[in-house]
Amino acid sequence: MGNWFTDAEHIAWLLLVLHVVVGAIAVAYISARRRPATAIAWMLTIIFIPYVGLVAFLLVGFTRLPKARREKQIHVNRLIMERTEGLDQHSHREDWPKGLSTLVTLNNNLGALPMVGGNDVELLPDYHGSIEAMAHAIDSAERYVHVEFYILVHDAATKPFFDALERACRRGVTVRVLSDHLAALMNPGRKETLACLADMGAEYHAMLPLRPWKGNFQRIDLRNHRKLLVVDGGVGFAGSQNLVHESYNKKKNIARGLRWHELMMRVRGPVVRELDAVFVTDWFSETDVLLELDTSPVIMDPAKHLVDAQVVPSGPSFENDNSMKLFVSMIHQATERISITSPYFVPEDSVLLAIITAAGRGLSVELFVSEIGDQAMVYHAQRSYYEALLRAGVKIFLYKSPEVLHSKHFSIDADVAVIGSSNMDIRSFSLNMEISVLIHSASFVEQMRAVEDGYRANSKELALEDWINRPRWEKFWDSAARLTSNLQ
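Residues numbered from 1 in each chain as written. Predicted model: local features only at pLDDT ≥ 70, side-chain atom pairs only at ≥ 80, totals over all residues. Heavy atoms only, no water.

Observations concerning helix H17 (residues 442–457)
- Taking 1.5 Å per residue, 16 residues should reach 22 Å; H17 reaches 22 Å between its end C-alpha atoms and fits that length.
- Taken residue by residue, H17 has Phe444, Val445, Met448, Arg449, Val451, Glu452 and Tyr455 as its buried positions. Along the axis of H17, the buried positions cluster into a sector of 165 degrees, meaning they face one direction only. Opposite the packed face of H17, turned more than 90 degrees from it, sit the exposed residues Glu446 and Ala457. (Helix = DSSP H or I, 4+ residues; strand = E, 2+ residues; numbered from the N terminus. Expected span 1.5 Å × (residues − 1). Buried < 20%, exposed > 50% of the residue type's maximum accessible area, 1.4 Å probe, protein only. Arc of directions from axis to C-beta.)

Spelled out as structure tokens, the structure:
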């Protein structure tokens, strides 16, 4: 019996020493590579739940993609920089508001893509209308169609899109398709979709595949969240909409009557080649095949309605949080008005402080979010920020259920806007590969304001007093969920 206690004591001491060693490693390694709030959250998890916390960190604690993939990004960035030299001179720089040039320089340094003029941009706020518009563009294809969507499903709503792809294949057009591997596994219709693409002759590859037996593995929740379509380098589409029925074909969504509300845009002009450069980069990452980048001379159309635009890719293949830095810089440069639409609003500390400071400076600041959420943890975490925003003077509009407001756009003052796939969310900034487009155009912002007027008409404004008096159990879950938001 005595020996048993001795052995148990030895084991206890061994585990204690191991705990201290793991804690020390956590302090040295984690704190050197993360923002303070994130580092503290991970260290506390590992220290107070030592072995479970360590396993969790090993599974989801690394926020960058494998080195080989990041090196591919750097390689393509270098090529793009070399082949787009001087394109930034083709713009309406003389009309830019104060501060926009520094935003453009920031984006160029982070994402390797310049701001270029001569673009026609149109918003597509109708869910099925945007699918029809993309199908119509595909029917005009003569050389190639590049498709990249986080979720890509052949169903009743997307059938016109897939039918157009099939017609393009029959005409001899090269059709290349990318979609996220994990998203495909989690959504109905994967086998039917892949069979459809194979039958028509499209070349398909999964993005960020989770196949450890083939050497394809990274942190599970590092995903490619981009949504874009490019046809012949002449017309492109980008925005928030996945290529799937607005219910996502999930029984629980259909039972609740949930429908996703999106915003896409159609662009023509030189910026389309920047959308294509993002696709080319992702294709290279998944296939090791580097497609030709369009380096033909840019011929600027002098029409006054054409706008300056710049594509901003972001995500774990970059060394910096590209979109977060852009958003923070935009907020600080705003002088009159800030309007944010984000379905998942869990801001990093610098973003939250910038928004609260902007409201304190007397700016008109408004936030559009959904009344309901499809992801419980994110939904409760984002609610934990509402009180601080309301106290600062930010107006919060809750888009009425059963629609889920999934649009992602952001504007400052009267003529600068961003639209794309990125949420105003910690995880979207760091863990998801996203694509945003920065646009300078008063007429485009007017289009966006009209869309926001529609949101406002279908929303209820949140009052501080009502929010403070919500049930205690809601406050508990909101606060508890917020604690997990920094584990990234």
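What about the side chain of Asp413?
- Relative to the helices and strands, Asp413 resides in the loop between strand E15 (409–412) and strand E16 (416–420).
- No salt bridge is formed by the buried Asp413; its nearest oppositely charged neighbour, Arg449, is found at 7.0 Å. (Lys, Arg positive; Asp, Glu negative; His and termini not counted. Salt bridge = Lys/Arg side-chain N within 4 Å of Asp/Glu carboxyl O.)

Let's talk about the pairing of strand E1 (residues 116–124)
- Counting buried residues along E1, seven of its nine residues qualify, which places the element largely inside the surrounding structure.
- Pairing analysis gives two bridges linking E1 to strand E10 (residues 307–314), with the strands arranged antiparallel. By the bridge assignment, Val116 is partnered in E10 with Ala309. (Pairing = 2+ DSSP bridges.)

Points about the side chain of Glu246
- By the secondary structure assignment, Glu246 is in the loop between strand E7 (235–239) and helix H10 (251–256).
- Buried Glu246, no salt bridge; nearest opposite-charge side chain is Arg259, N-O distance 5.7 Å.
- Engagement of the side chain of Glu246 in a polar contact is seen with the side chain of His128, the distance being 3.0 Å.
- Beyond its immediate chain neighbours, meaning those up to four positions away, Glu246 contacts Tyr127, His128, Ala157, Leu258, Arg259 and Trp260. (Polar contact = N/O pair within 3.5 Å; in protein donor to acceptor, adjacent residues only side chain to side chain. Contact = heavy atoms within 4.5 Å.)

Quick look at the nonpolar core
- Met330, Ile338, Ile355, Ile396 and Phe410 are the most contacted members of the largest nonpolar core, which has 48 residues in total.
- Dropping the residues within four chain positions of it, Ile355 is found in contact with Ile331, Ile340, Phe345, Val365, Leu389 and Val394.
- Listed in part, the 44 residues of the second largest apolar core include Trp283, Phe284, Phe368 and Ile419. (Core = buried A, V, L, I, M, F, W, Y, C linked by side-chain atoms within 4.5 Å.)

Some words on the packing of aromatic side chains
- Applying the stated criterion across every chain, the model contains eleven aromatic pairs.
- Judged by centre distance (5.7 Å) and plane angle (65 degrees), the rings of Phe368 and Tyr455 are edge-to-face. On the criterion of sequence distance, the pair formed by Phe368 in strand E12 (residues 364–370) and Tyr455 in helix H17 is long-range, its members being 87 residues apart.
- For Tyr455, a relative accessible area of 1% corresponds to the buried category.
- Between the aromatic rings of Tyr386 and Trp467, the centroid separation amounts to 5.2 Å while the plane-to-plane angle is 50 degrees, which identifies the pairing as tilted. Of this pair, Tyr386 sits in helix H15 (residues 386–392) while Trp467 sits in helix H18 (residues 464–468); the two residues are 81 residues apart in sequence, bridging distant segments of the chain. Each member of the pair Tyr386 and Trp467 is classed as buried.
- Taken together, the ring pairs in this structure connect Phe368, Phe397, Tyr399 and Tyr455 into an aromatic cluster.
- Over the ring of Phe397 we find Arg456; its NZ or CZ atom is 5.5 Å from the centre of that ring.
- For the cation-ring pair, Arg482 lies above Tyr385, with the distance from its terminal atom to the ring centre recorded as 3.9 Å. (Phe/Tyr/Trp six-rings, centres within 6.5 Å; stacked < 30°, edge-to-face > 60°. Lys NZ or Arg CZ within 6 Å of the ring centre and 35° of its normal.)

Let's talk about unusual backbone geometry
- The omega torsion of the bond from Ser401 to Pro402 falls at 10 degrees, within 30 degrees of zero and hence cis.
- Summarising the element assignment, Pro402 is placed in the loop between strand E13 (395–399) and strand E14 (403–405).
- Look at Ala112: it is not a glycine, yet its phi comes out positive at around 75 degrees.
- Counting through the fold element by element, Ala112 comes out in the loop between helix H5 (100–111) and E1.
- A positive phi angle, close to 50 degrees, is found at Leu208, a residue other than glycine.
- Considering the arrangement of structural elements, one finds Leu208 in the loop between strand E4 (203–207) and strand E5 (223–224).

Here's the deal with the environment of Thr158
- With respect to the helices, strands and loops of the structure, Thr158 is situated in the loop between strand E2 (144–149) and helix H7 (159–170).
- Taking the relative accessible area as the measure of exposure, Thr158 reaches 0% and is therefore buried.
- Sequence separation between Thr158 and His245 is 87 residues, and the spatial gap between their C-alpha atoms is 6.7 Å.
- A polar side-chain atom of Thr158 sits 2.9 Å from the main-chain amide nitrogen of Asp155.

Quick notes on empty space enclosed by the protein
- Using the criterion set out here, one finds five cavities of 30 Å³ or more in the structure.
- Within this model, the second largest cavity holds a volume of roughly 100 Å³.
- Taken together, 15 residues line the second largest cavity, and the ones lying closest to its centre are Leu152, Val153, Ser179, Ala184 and Arg190.
- Among the elements of the structure, strand E3 (174–180), helix H8 (181–186) and helix H9 (190–200) are those that each provide at least two residues to the lining of the second largest cavity.
- The dominant element in the lining of the second largest cavity, judged by the number of residues it contributes, is H9, at three residues. (1 Å grid on protein atoms, 1.4 Å probe; cavity = no way out; pocket = protein on both sides within 12 Å on 5 of 7 lines; lining within 4 Å. Points joined across faces, edges and corners; volume = space filled by probe spheres on them.)

Focus on a nonpolar patch on the surface
- A contiguous nonpolar patch, built from Trp473, Phe476 and Trp477 and spanning about 410 Å² of accessible area, is present on the exposed surface.
- By the element assignment, Phe476 lies in helix H19 (residues 472–484). (Patch = residues over 30% accessible without salt bridge, like charges linked within 9 Å, V, L, I, M, F, W, Y side chains within 5 Å. Areas by Shrake-Rupley, 256 points an atom, 1.4 Å probe, with all protein chains shown as cover.)

Describing the pairing of strand E11 (residues 337–341)
- With four of its five residues buried, E11 lies for the most part within the structure.
- In this structure, E11 lies alongside E12, joined through five bridges in parallel fashion. Paired with Ile340 across the bridge in E12 is Leu367.
- Once you follow E11 into helix H13 (residues 349–360) and on to E12, the crossover reads as right-handed. (Right-handed = clockwise from strand over helix to strand, strands pointing away.)

All we've got here are geometric facts, nothing functional implied.
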